[in-house]
Amino acid sequence: MKKIKVMDTTLRDGQQSLIATRMKFEEFEDTLEKFDKVGFYAMEVWGGATYDSCIRFLNEDPWDRLKKIRKKLKNTKIQMLLRGQNLLGYRHYADDTVELFAKKMADYGIDVVRVFDALNDIRNLEKSIEYCKKYKMHVQGAFSYTVSPVHNIDFYIDFTKQLIERGVDSIVIKDMAGLITPKETYSLIKALKKNFNVPIQIHSHNTTGLADISYYAAAEAGVDIMDLALSPFANGTSQPAVEPFNHALELGLNEELMLELVEHFWKVRANHEENDMKMTSIDAKILKAQIPGGMLSNLVSQLKAQKALDKLDKVLEEVPNVRKDLGYPPLVTPTSQIVGVQATMNVLTGKRYSMITNEVKNYLKGAYGKAPAEVNQDLIKMALKGEKIITHRPADDLKPEVEINRKKAGLIAPTDTDLLTYLLFGEHGIKFLKSKYEKDIGVDFKLAEEYSDEESSIYPV
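What counts and what doesn't
- Residues numbered from 1 in each chain as written.
- Predicted model: local features only at pLDDT ≥ 70, side-chain atom pairs only at ≥ 80, totals over all residues.
- Heavy atoms only, no water.
- Helix = DSSP H or I, 4+ residues; strand = E, 2+ residues; numbered from the N terminus.
- Buried < 20%, exposed > 50% of the residue type's maximum accessible area, 1.4 Å probe, protein only.
- Lys, Arg positive; Asp, Glu negative; His and termini not counted.
- Salt bridge = Lys/Arg side-chain N within 4 Å of Asp/Glu carboxyl O.
- Polar contact = N/O pair within 3.5 Å; in protein donor to acceptor, adjacent residues only side chain to side chain.
- Core = buried A, V, L, I, M, F, W, Y, C linked by side-chain atoms within 4.5 Å.
- Contact = heavy atoms within 4.5 Å.

Run through the side chain of Arg-83, naming residues and quoting values.
Its location among the elements puts Arg-83 in the loop between strand S3 (77-82) and helix H5 (95-107). Buried and unpaired, Arg-83 has no salt bridge, with Asp-52 as the nearest side chain of opposite charge at 6.2 Å. Within the structure, the side chain of Arg-83 is placed 3.0 Å from the backbone oxygen of Gly-89, a separation counted as a polar contact.

Account for the nonpolar core, naming residues and giving values.
Trp-46, Leu-82, Phe-101, Met-105, Met-226, Phe-265 and Leu-364 are the most contacted members of the largest nonpolar core, which has 130 residues in total. Considering each element in turn, this core owes the most residues, 9 residues, to helix H19 (residues 416-436). Look past the residues within four positions of Leu-82 in its chain and what remains in contact with it is Leu-87, Leu-88, Phe-101, Met-105, Val-113, Arg-114, Val-115, Phe-116, Ser-128 and Cys-132. Among the nonpolar cores identified, the runner-up in size contains 7 residues, and Leu-81, Ala-118, Ala-142 and Val-332 belong to it.

Kindly report on the pattern of salt bridges, identifying the contributing residues and their values.
Any two side chains of opposite charge can pair, so long as their charged atoms come close to each other. As enumerated under the stated definition, the model contains 30 salt bridges in all. For Glu-126, the salt bridge is made with Arg-166, and the minimal N-O distance between the two is 3.0 Å. Pair noted here: Glu-126 is in helix H6 (residues 126-134) and Arg-166 is in the loop between helix H7 (153-165) and strand S6 (170-175), with a separation of 40 residues, a long-range link. For Arg-352, the salt bridge is made with Glu-318, and the minimal N-O distance between the two is 2.7 Å. Of this pair, Arg-352 sits in the loop between helix H15 (335-349) and helix H16 (358-365) while Glu-318 sits in helix H14 (residues 312-325), placing them 34 residues apart in sequence. A relative accessible area of 40% places Arg-352 in the partly exposed class. Salt bridges here are not isolated pairs; linked through shared partners, they connect Glu-126, Lys-161, Glu-165 and Arg-166.

In structure tokens form, the structure reads like this:
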């Protein structure tokens, strides 16, 4: 068996999956030089929900965090997760915003950009791939793995072909709900290896208990890179733990340094009791509901707030029904929120689709892209009432927004990175920037309605 490389996810997906992305920079700053000597191929340290969490909960500038991380990691590649045309926000952004974001990522030292689209709609990835390549970053194309009547090996091979035709440098199986079985893992990686000459990476979550054995199957099939996390931020709704794989597959990582890091991060996790997504066992319900771990914790939080936690099982039963009605979208940001909120409303109101969210209406209209399979036509009639469905690339309808917002933002966004915070996060971004520049700003800023974000009531996964 060949030597497999490891991307460590502790500082991004590990802590996002298990403590709702609440880890502060000061909690891991002093560990970065140790991380750099472990021997990881790359570390995922940015992207996903980290940007949102920094400005919304931690009062940290995400770009400043990235700059400090880059300074300390001299030998290890820095990787991040990008939601295609959504970037790190919750709607599609204009192409000029996508390009500015890619340029700043390169300026701040990102080496590898993993791009994905929730619907596996290649049109939503074209510009992010193009611009990340333009600014000389390694672009990793992801397909959002799920199980449905239309998602099979031929589907993933075809989508991978589309990604490679657009210039991606590597491919990752992004299994956000931990659904991929060992047999499917082996067959899929063998097929990818047979058809394409690029590195193949596997990313899964251990929510269902499948990821450990599926990773071993991936190793036997010739996978090049695995996503693993240090044990304090591994397993459950996170990735498998790196320590046992290092031992079992002889990955060659520095075990002594990892154990020192493990000791530190158990203490860090103990600091986040209130946000800890504790799982003492696997959750077999996920195999049917296909809910990613972060989505599950958010559904629990939402039901608690409504004093309706006793309805959780009914919501879990309703999620696959809503997903079928919407044409089997993979459940990952933003589709996980779209499906989850609607399923919850269907249960709490006692009548399916008596209330339909704006996000579901926009999804049915095609604003997020093309559904993988046919959607429920009765639901379309009920929700859209004859409105025209979008059949072109959704972002083609968006006018350039960088310069008009630069003028509107003025003092509140003096740098390109501040402007991106303003553009991506609406009122939350403004609140953060006002705090950052409170001495310089004496007026109240409000983002114009036509550029406001449509945010879900469920926190991102």
